[in-house]
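If you want the building blocks of each chain, they are given just below.
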Amino acid sequence: MKKIMIVEDDSVIANELQLLLKSSDFDAVILNDFENAENEIIKNNPDLILLDINIPFINGEMLLKNLRKKINTPVIMVTSRENEVDEVVSYSYGADDYVTKPYNPTILLLKINALFKRCDQNKNTISYKDLTFDIGKGIVKASDKEIVLTKNEIIIFNLLLSNKDRIVTKDELMTDLWNNDEYINENALTVNISRLRTKLLDLGYDNIIETRKGIGYRII
Amino acid sequence: MKYKDYLKDNIVSVLIYLFTTILLVTLLFAFKTNIYLLIICIFLLLVSGFIISLYSFLRKNSFYKSYLNSLDKLTEKYLILETIKEPTTYEEKIIVNSLYDINKSMIEAINEYKRNTVEFKEFVEIWIHEVKIPISSMILKCHNQKYDKDLLSIIRRLDNSIDEVLYYVRSENTEKDFVINEVDLKDVIRDVSIKNKDDLLLNSIDFSTSINSKSISTDRKWLEFIINQIINNSIKYKKEKDSIITISSYDKEDKTILEIYDNGIGIPRSDIKRVFDKSFTGTNGRSKVKSTGMGLYIVKKLCDKLGYNIYIESEEGNYTKVIIELGSNDLYKI
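All figures in this text were calculated on a predicted structure; none of them were measured in a lab.

## Quick notes on the packing of helix α1 (residues 11-23) of chain A against helix α5 (residues 90-144) of chain B
Now for step 1: Where α1 of chain A meets α5 of chain B, the axes come as close as 9 Å, and the angle between the chain directions of the two elements is 30°. Between α1 of chain A and α5 of chain B, the crossing angle belongs to the class labelled roughly parallel. Where α1 of chain A crosses over α5 of chain B, the two elements pack in a sense that is left-handed. On the side of α1 of chain A, the interface is formed by V12, I13, E16, L17, L19 and L20 of chain A, while α5 of chain B contributes I133, S136, S137, L140, K141, H143 and N144 of chain B.

This is the structure:
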């Protein structure tokens, strides 16, 4: 389980973030001792840091600058200031991504997943049972057969497979599609899912995408 | 200033001088002074009087003439003190010193207002920064508790209204506090689209884009605000059914043109020229949904500052198309 450190002084947000991350199968730790933020973070050895710019004792950007001298953990900067300066400074100090409050929680999760994926280099293929899914080419191979997926189907299948232990909500799927410039509606999502099912059936996998009515989908 | 005017201003002195001269000549005549001496006296008195007045006129004239000339040439009249001649006479000194004092007190008064405006702007920025924190909490809570999408839509409306204030304050300020960077137009459109995703889906709007992946020089946050405002309007003034919003971009000469099209209720012909006016609500803004009339005004101001042209084409009951010429921005490139 990946460990994410939440550096955020607003306790309501910190707690809600922790809840959000835990519900997505991450181990989320909240930083409490801002005075020794740098040491605390290093001691906790997280896989990713969510770093708010406006924190007590030290500015988030300075903290990032100091951290970068010691560790290379991916960092997503969070701010509520609507301006470009913070963004530019954050990137120059070594931030990997940047979000502005109020952020879309699903987008934040997608960004976190994307960062982890970037870190695991040989994640261009996902295996499931005896299927191998080449994400870049969009090809799903079974023992003797292979099928080619469309862009939408690749996005959907990838998100389902990457979260195969839990239900992926419709909103997550839709957000991921929109995040990849596929601005489709829910009917189109349903159509895409059923096409994906038909294609998987060709490979001999009947009904591996389960519908949870009103919630979302899950790979079984 | 003319010599005649100068004499007119000093008419009393002239009359006293002439009266004294006449009196003196009469007295000399009465005492039977030599006629030649009398003529010499008259001549000397008149000539000296004339020379004295002319000298004093010329001196004054040279000061006032250059003063009026430079005042005439200046567009910022308050800078007159910088161009004025060094005062030589007591009178000139009084004028220059009083101008200096007047200027100084005016500058102080203006600085006071300036400081107040800057302080107010800073306060608004800090306040918005503060208020975004509870809004973030609300959004996270809604998401975690799986509340209704309607509630999220209300929070987004609140967030949009707050942004309107922020960008109004920024657009009204004279200093340029935007940062120009190279951004991909596609990324900007994606962020705005996702921001409005739920509202677009909730309103069953058929949303599509055709954007070339293209790097443009802009302030990303400003451009996002501009496009967001326009999409919000398209959602607000949509037709009952079969709504479409399309965002497309293409190149025209050295410019990138961004078009946001909707098949909504459109804008009446009589309103279209005034949509960018401050506080203009128009027929739609009054009848359909309450509007502040500030959204497009701010959009126009931001576009002006970024050097973009923005137009609106519309046919009532049919469509509205907002066209933004993003410009080549070569000016900003180093």
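## Remarks on the domain arrangement of chain A
Residue and element names in this part refer to chain A.
Now for step 1: According to the domain assignment, chain A contains domain 1 (3-119) and domain 2 (125-219).
Now for step 2: Centre-to-centre separation of domain 1 and domain 2, based on C-alpha positions: 30 Å.
Now for step 3: Taken over both partners, the interface formed by domain 1 and domain 2 buries close to 680 Å², and the fraction arising from carbon and sulfur atoms is 55%.
Now for step 4: The largest share of the area that domain 1 buries against domain 2 comes from T106, L110 and K117, three residues that together contribute 57% of it.
Now for step 5: Where domain 1 packs against domain 2, one counts zero salt bridges.
Now for step 6: The tally of links between domain 1 and domain 2 comes to one residue pair in polar contact (both at pLDDT 80 or more).
Now for step 7: It is helix α5 (residues 105-119) that contributes the most residues to the side of domain 1 that touches domain 2, four residues altogether.
Now for step 8: Among the residues making up the side of domain 1 that touches domain 2, the classes are represented as two nonpolar, four polar and two charged.

## A closer look at the environment of D9 of chain A
Residues and elements named next belong to chain A.
Now for step 1: Of note, D9 is situated in the loop between β1 (3-7) and α1.
Now for step 2: Under the relative-accessibility criterion, D9 is labelled partly exposed at 41%.
Now for step 3: Between the C-alpha atom of D9 and that of Y91, which follows or precedes it by 82 residues, the distance is 22 Å.
Now for step 4: Not counting residues up to four positions away in its chain, the partners in contact with D9 are F34, N54, I55 and P56.

## Notes on the sheet that holds strand β11 (residues 209-212) of chain A
All names here are of chain A.
Now for step 1: Strand order in the open sheet made by the three strands is β10-β12-β11, with antiparallel pairing throughout. Where the open sheet ends on each side, the last strands, each with one partner, are β10 (168-169) and β11.
Now for step 2: Sheet topology note: the β10/strand β12 (residues 216-219) ladder contains two bridges and is antiparallel. For T169, the partnering residue across the bridge sits in β12 and is G216.

## Some words on the nonpolar core
Now for step 1: Core analysis: the biggest nonpolar cluster contains 88 residues, and F157, L189, L200 and I209 of chain A together with I227, L258 and I324 of chain B have the highest contact counts within it.
Now for step 2: Element by element, the count of residues in this core is highest for helix α9 (residues 220-236) of chain B, at eight residues.
Now for step 3: Dropping the residues within four chain positions of it, I227 of chain B is found in contact with V188, I189, V192, L258 and I260 of chain B.
Now for step 4: In this structure, I4, L20, L50 and L108 of chain A belong to the second largest nonpolar core, which totals 23 residues.

Cut-offs applied
- Each chain has its residues counted from 1, running along the sequence as written.
- Chain letters start at A and ligand numbers start at 1, both assigned in the order the entries are written.
- Per-residue local features are limited, in this predicted model, to residues with pLDDT of at least 70; the limit for side-chain atom pairs, both in listing and counting, is 80 or more; totals at the level of whole chains, interfaces and linings are taken over all residues.
- Based on all heavy atoms of the structure, the side-chain values leave hydrogens and waters out of the count.
- All axes are obtained by fitting lines to C-alpha atoms, using only the stretch in contact for helices, and the reported angles, taken between N-to-C directions, cover 0 to 180 degrees.
- To qualify as a helix, a DSSP run of H or I must reach at least 4 residues; to qualify as a strand, a run of E must reach at least 2; elements of each kind are numbered from the N terminus.
- Any angle between 65 and 115 degrees counts as roughly perpendicular, while under 35 counts as roughly parallel, over 145 as roughly antiparallel, and the rest as oblique.
- Throughout, a crossing is termed right-handed when the near helix is turned clockwise from the far one, and left-handed when it is turned anticlockwise from it by less than a right angle.
- By definition, residues are in contact when any of their heavy atoms lie within 4.5 Å.
- Note that the domain bounds reflect an automated or database-derived domain assignment.
- When two parts are brought into contact, each loses some accessible area as probed by a 1.4 Å sphere; the total of that loss over both is the buried area.
- The term salt bridge refers to a pairing of a side-chain nitrogen on Lys or Arg with a carboxyl oxygen on Asp or Glu at a separation within 4 Å.
- Contacts described as polar in this section are N or O atom pairs within 3.5 Å, which, within protein, must combine one atom able to donate a hydrogen with one able to accept it, while residues neighboring in sequence count only if both atoms come from side chains.
- Each residue gets one of three labels, nonpolar for Ala, Val, Leu, Ile, Met, Phe, Trp, Tyr, Cys and Pro, charged for Asp, Glu, Lys and Arg, and polar for the others, Gly among them.
- The buried label applies to any residue whose accessible area, calculated with a 1.4 Å probe on protein chains only, is under 20% of its type's maximum; exposed applies above 50%, and partly exposed to all values in between.
- Any two strands between which DSSP finds at least two bridges are classified as paired.
- Buried Ala, Val, Leu, Ile, Met, Phe, Trp, Tyr and Cys residues that are joined via side-chain atoms within 4.5 Å together make up what is termed a nonpolar core.

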